[in-house]
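Summary of structural features
Here are the chains, one letter per residue:
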Amino acid sequence: MEKTATLIKRASLNVNQLDSIKIGDLLSDEFGKSGKVCEIEKINRHGEFHYYFKLFKSGTILIIL
């Protein structure tokens, strides 16, 4: 059985959904960037949550809430 990528839509996300993403999950965003998560960085700065999902060979997806 093949895994399907989790679609990230920035307008409809919350912290719980982002916290459920783990290393090895497949992600894609509404702009077409997709790949397997190889590193996750979470930063809480001045009341904002910054999530950096580094994708294997595909760059990084940044989400700010």
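This section reports on the structure supplied with the text. The numbers attached to residues start from 1 for each chain and follow its sequence in the written order. With pLDDT at 70 or above as the cut-off, local features in this predicted model cover only qualifying residues; side-chain atom pairs require 80 or more to be listed or tallied, and sums for whole chains, interfaces and linings still use all residues. In computing side-chain values, all of the structure's heavy atoms are included and hydrogens and water are not.

For the rest of this paragraph, the subject is the pairing of strand 2 (residues 26-29). Note that strand 1 (residues 6-8) and strand 2 share 3 bridges and pair parallel. Each bridged residue has a counterpart across the sheet, and for Ile 8 the counterpart in strand 2 is Asp 29. As paired elements, strand 2 and strand 3 (residues 34-45) share 3 bridges and run antiparallel to each other. Counted as the bridge partner of Ser 28 is Ser 34 from strand 3. Linking strand 2 back to strand 3 in an antiparallel pair, the connection comprises 4 residues, with Gly 32 at a positive phi of about 100 degrees. A strand pair is defined by DSSP finding two or more bridges across the two strands. Each helix is a run of DSSP H or I of at least 4 residues and each strand a run of E of at least 2, with the numbering of both proceeding from the N terminus.

Relative to the assigned elements, His 50 resides in strand 4 (residues 48-55). Only protein chains enter the accessibility calculation, which uses a 1.4 Å probe; a residue whose area is less than 20% of its type maximum is buried, one above 50% is exposed, and one in between is partly exposed. Note on His 50: relative accessible area 13%, which makes it buried. Under the rule applied, a polar contact is a pair of N or O atoms within 3.5 Å (in protein, one hydrogen donor and one hydrogen acceptor; residues adjacent in sequence only if both atoms are side-chain atoms). Of note is the side chain of His 50, whose polar atom sits 3.1 Å from the side chain of Glu 48. Working rule for contacts: check all heavy atoms of both residues, and any pair within 4.5 Å makes them a contact. Ignoring anything within four residues of it in the chain, the contact list for His 50 reads Glu 41, Lys 42, Ile 43, Ile 63 and Ile 64.

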